[in-house]
Each structure stands twice: as structure tokens, then as C-alpha cells.
Amino acid sequence: MDLIIFNPPRYSNGKFHKFNNAVLWLASYLHRRGVKVRIVPLNHAHYAETVEAELAAHRPKYVAISCKWWDTLYSATHIAKLVKQFDPGIVTISGGYTASFFALDLVNQTDFDVVIRGDGEEPLYRLVTGQSPVNVAMKGDTTLIPVIKQYVQSEEHLRELVLIDDLEEIISDTSVLNSYIWTGKGCAETCVYCAANALNNIQTFGRAKNIYRPIDKVLREVEILSRYPGSTRITFDFDPIRGLKQERFYLDLFAALPPKKYNCYFFSWSLPSTELIDSLARTFKLVELGIDVQVASERLRKVLGDRRYLKPFYSDEALDATLQHCHQYDNFIIDLSTLMGLPFETDEDVLAIKPFSDYFYDKYPALRYPYVSPMNVEPGSLLLQHPDRYEMVLFRRTFADFWQYTQRSFQENMNCYQPEQYGDGIFHPLGCASQADYARGDYFRTYETWKEVQKNIDFRSRQRVNSRMAKYMKHGLRTLGVTGGIDRSAVGGGEHE
Ligand code: B12
């Protein structure tokens, strides 16, 4: 075996493992070019035994460990340590959003030899076939060559990035496969909290512009993924909002899908047009439509949207019209996602959450009670890089801070986004507070307030569980939430788990 790719556990008990689908395309790319590659999800408590057994059985020269979401920062390094303990001669590689952002720290302070920055297909292929590497940070490096001067994917490259037909040839456990289908890459927005902002995208991937995959490739892969349990829906989570190109892409894609064969979860990062809604309704059996409202308070949405600290503003009235349009169809379930604890939030904005949510929930039976996440600081975000600009103070900033925070979550099996217990300094639950709260020493105000907001969400959500369950059953979906997509528990609040 040339290469094993491990998808790390999030917690030491193996629970709430999230499989990074990107490694399927990476491994397919390598497999097609003759590299012997195997993906192993570490989705159980005896992950250490699995690592050892895999290394002993397959004797790989290279091991790659995914580090996409920051919640697995510690666990990725922990798996790299286990690999080196087994055989120090194995070359350890990491990649993904978080690894790319902390590339120099990872190669110089942990058991990783190499980090692949940005899009991984060609760089990983070159590395494991002994060609001169691109887009890499190597042990001992102190500076980085900008990705923009190296391998930058364009729509041309995307033609070559396709899944192999039989995924069993490259993955040890197909139970992790889910319905998320990759349709495009990139984002040119500058939302305060998001690691996939234009600046970080240029630093990490060498481009911010969004690029799309050929529709015929997506169609073929929908077929491939639909063979596996847990893939009764197609999950779309890529909808940049600039221009109409994205809309055309989806309209063409949906027109090419067999009508009413699949269910879908469509996560819309902006307000979908009536044409897109009609097309979703026609194409799919059950449509779960997630709309990113960004923040319940219309006032704050406007303040932040106008400054480009969030996506462009749209009004409550526009949202109402969109929901009204969906209301004519009986095959929709709708999610509205919002954040609290954003910069420049006032008490009035927090008070606006309940009336906003009640109004829409009471008006539209197909709506789940709007979801509210407390904003946290993530590596790569503009908030992390410029807290002063947003009048915020950070409790977690450096690689060491995030590493220690995720070490505790991993070892103690604690939810790292919304922990039940928390503490001072780097163990702050959100990693940030407004300058005003900080000056008053009221470090946990947002988090404590969010908990009250969440109690109401839980209470109101329970009122409609049965009617939603009936809709799911009708469309052959036995579980609530989206497997591998936006995993939400029946009563809300469980998105991150
Ligand atoms: C799709 C998506 C999801 C899907 C993932 C489906 C799946 N199972 O894979 C779902 C909906 C599940 C999801 C969930 C979350 N996501 Co998300 N997601 C995205 C999104 C929109 C696209 C990512 C993607 O898959 N693209 C397609 C693939 C092919 O591209 P890629 O991921 O960039 O991968 C390439 C390279 O990065 C690299 N690479 C990736 N992995 C690896 C591994 C190795 C070993 C190597 C060598 C290279 C490599 O090569 C790949 C191929 O070219 C991005 C935003 C964006 N615009 O990129 C956010 C993003 C990745 N998500 C993010 C977050 C925060 C989350 C959540 C935590 C959100 C939340 N608050 O609940 C959750 C929970 C995740 C969890 N651990 O449970 C952040 C990550 C930031 C960070 N530093 O951690 C992003 C960047 C958006 C943001 N808000 O900032 N997400």
C-alpha cells in the first residue's frame, strides 16, 4: 500500500465522527493514476487499535490524516503521533482548511512531516509518487511559497476530479458515506466568522472566485453515492451568492435529474429565487431547504451586510415572500439558520430573536423553529485575524490555543462548539467576546444568553416533531436530520453533534 488516509475521530469515544467527503475525490484521483490508496475512517473508541492494525497489515509508505474542521486539530496530531510511534519512517501528511491555515505549526510542532495547503489532488499525487512537491509545508520550513504561484485549481482541473465507480475499492467502511455532493469551490464573500472568506481562500487555495463542476460528472456521482445507505437524500452545500451563474448551474443540474427520484437537502447561502424553489419542488420528492438568514435581527443584518461583514442584506419582508412561495408546495421542510454574538450586537438585537422566530414558525407549518448558533472564533476567519475591526476580543488565537482546546474536547468527550462546562482563557466556550463585555468582565454573557434562547428553541421545536416525522416517513426517510449533512437533532440544538 502506498498511502492510507485516516479520517480522525472527533472525540476519544469515537462518537459524532464526521467524515470528510473531500478525501473520496482525493483518493479517487490517486487511485485512477495507479497509486495504491485506502481511506480508513476512525469512527469508534478503539481507533488506536485500528491505526495499528491498518499499518501492520498494509505497511504504507505514506499516511495522510484529514484536518478539515478545526474540531479535529488535536485528534489529527494525535493520530500522527500514533503513526510515528508505530514506524517513524512513515511520512505523515495533513491537509484541509485547518491544516492549511496552521501549516507551519503542524510541521514544526507536531508529528506531521508535510502539510498540503489548499486543494490536494495534484500535490498529494506528486508527493506520494516522488515528484517535486507543490503547495506544501515541510518540516523545518519557516516560510511558505504562496499557493497562488503554485497549483491553483480552475474549472479545467475540475473535469479531472471524479469519483471512481466502486468506492469499496478505496474505503474500509462504507457506513460513513453520506449524501453530500460536491458541486463547486470557492467563495468571494468576507463574512466575519467564516474561514472560507475571500482572503483566506486566496491564501489557502490561491483563488476566491467560485468555480463549478461539469454537470454530467455531478449527475454520475449522485448515482454512485445513492447506492449507499444514508444517501437517500442528495445534500447540496455550495451556493455562493454573487451573480446568477450559481442559479443557472442548479437549474440546469435539476433539469437533468430524473424527477421525483431523490430527496434533497439544499443549503442556500442566500435567499433562493422563486425559479429555484419551483425547480426544487419539481425535481425532488422531499425538499429540505436550509436558508442562511445570518442573523434574526433585521437591523443588525443590515448593519453587517452593508459593511460586507456578512453577506448582502435582505429584508424580513423578502424572506417572508420566499417562504410564502414555498408554502404552496407540500414537499418542503425549511430550516432558517441564524447566529448570535455577532459583532455590534445590542440587547435589542437579542430581543428580536424570539418575535422573528415565532412570527415565521407560526405562519409557516413547514418551517422548523429557526436555529440560533452562538458565533465562535474559527481558524482562518477574519475575526481571528482582525478582532479590533469588529470590536471583539479573542480568548483563542494561536495554534497552541486551538490545539489545547480541542485536546480537552477530545480527551473528555466534550462538545467543543457548545460545551456544557467551560472555563477561563482558552477554555472560553466561544473563544471570543465583545470589547464591551470584556471590559465589564462579563466574558460569558453571550453564551449564557444563548442557552436561554436555546431552551425556547427546544420547547417550540418539540411542538412539531410528530408532523415533521410524518412527512419524513412519507418520503421514505426514517430519521430526522440530514445524515452527513446538517445534522440536527429532532428538537434542534444538536447541529454540531
Ligand atoms: C460542504 C461543507 C460541509 C458539509 C461537509 C460534508 C462532508 N461530509 O464532507 C457539512 C454540511 C457536513 C459541513 C458541516 C460543518 N462545517 Co463545513 N463546509 C462545507 C463547505 C461549504 C465546502 C467544503 C467541501 O467539502 N468542499 C468540497 C471539497 C472537495 O473541497 P475542500 O473541502 O476544500 O477539500 C479540498 C482541500 O481543502 C483539500 N483537502 C481537504 N481535506 C483534505 C484532507 C487531506 C488529507 C488532504 C491532503 C487535503 C485535503 O483537498 C480537497 C480537494 O481538493 C465549506 C466552505 C467552503 N466554501 O469550502 C465549509 C467549511 C469547511 N465548514 C466549516 C465548518 C465550521 C463546519 C461546521 C463545524 C459548521 C457548524 N458550525 O456546524 C460543521 C460541522 C462539521 C463537523 N465536524 O461536524 C468551516 C471550516 C472552518 C475550520 N477552520 O474549521 C468551513 C470552511 C466554512 C466556514 N464556516 O468557515 N460542512
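Procedures and definitions
Residues numbered from 1 in each chain as written. Predicted model: local features only at pLDDT ≥ 70, side-chain atom pairs only at ≥ 80, totals over all residues. Heavy atoms only, no water. pLDDT = per-residue confidence, 0-100. Contact = heavy atoms within 4.5 Å. Pairing = 2+ DSSP bridges. Helix = DSSP H or I, 4+ residues; strand = E, 2+ residues; numbered from the N terminus. Axes fitted to C-alpha atoms, helices over the stretch in contact; angles between N-to-C directions. Buried < 20%, exposed > 50% of the residue type's maximum accessible area, 1.4 Å probe, protein only. Phe/Tyr/Trp six-rings, centres within 6.5 Å; stacked < 30°, edge-to-face > 60°. Lys NZ or Arg CZ within 6 Å of the ring centre and 35° of its normal.

## Some remarks on the confidence of the model for the chain
- Of all residues in the chain, 94% have pLDDT values of 70 or greater, and the mean over the chain is 92.
- Overall, residues 480-497 carries pLDDT values under 50, and its contacts beyond four positions in sequence, including any with other chains, amount to 60 contacts.

## Regarding the sheet that holds strand β10 (residues 233-236)
- The strand order across the open sheet formed by six strands is β7-β10-β11-β12-β13-β14, and the pairing between neighbours is parallel. Pairing within the sheet leaves two strands with one partner each, and these edge strands are β7 (180-181) and β14 (371-374).
- Each of β13 (332-340) and β14 is contacted by helix α19 (residues 445-462), which is oriented at about 160° to β14, the strand it contacts most.

## Re the side chain of Lys 84
- Tracing the backbone through its elements, the reader meets Lys 84 in helix α3 (residues 73-86).
- Residue Lys 84 is classed as buried on the basis of its relative accessible area of 15%.

## As for unusual backbone geometry
- Although it is not a glycine, Arg 59 adopts a positive phi angle of roughly 45°.
- Looking at where Arg 59 falls in the secondary structure, it is placed in the loop between α2 (47-58) and β3 (62-66).
- Using a relative accessible area of 55% as the deciding quantity, one classes Arg 59 as exposed.
- The residue Phe 344 is not glycine, and still its phi comes out positive at about 65°.
- By secondary structure assignment, the location of Phe 344 is in the loop between β13 and α14 (347-351).

## What about the packing of aromatic side chains?
- Going through the model one piece at a time under the given rule, you end up with 38 aromatic pairs.
- Taken together, a centroid distance of 6.3 Å and an interplanar angle of 85° make the contact between Tyr 29 and Tyr 125 edge-to-face. A residue pair is termed long-range when its members are at least 10 positions apart, and Tyr 29 in helix α1 (residues 22-32) and Tyr 125 in helix α6 (residues 121-128) qualify at 96 residues. Here the two residues Tyr 29 and Tyr 125 agree in accessibility, since each one is buried.
- Geometrically, the ring pair formed by Phe 236 and Phe 266 is tilted, given 5.8 Å between the ring centres and 50° between the ring planes. Taken together, the residues span a long stretch of sequence, with Phe 236 in strand β10 and Phe 266 in strand β11 (residues 263-268) at a distance of 30 residues. Considered together, Phe 236 and Phe 266 belong to a single accessibility category, that of buried residues.
- By way of ring pairs, the aromatic residues Tyr 212, Phe 236, Phe 238, Phe 249, Tyr 250, Phe 254, Phe 266, Trp 269 and Phe 284 are connected into one cluster.
- Of note, Lys 68 hangs over the ring of Trp 69, and the distance from its end group to the ring centre comes to 5.4 Å.

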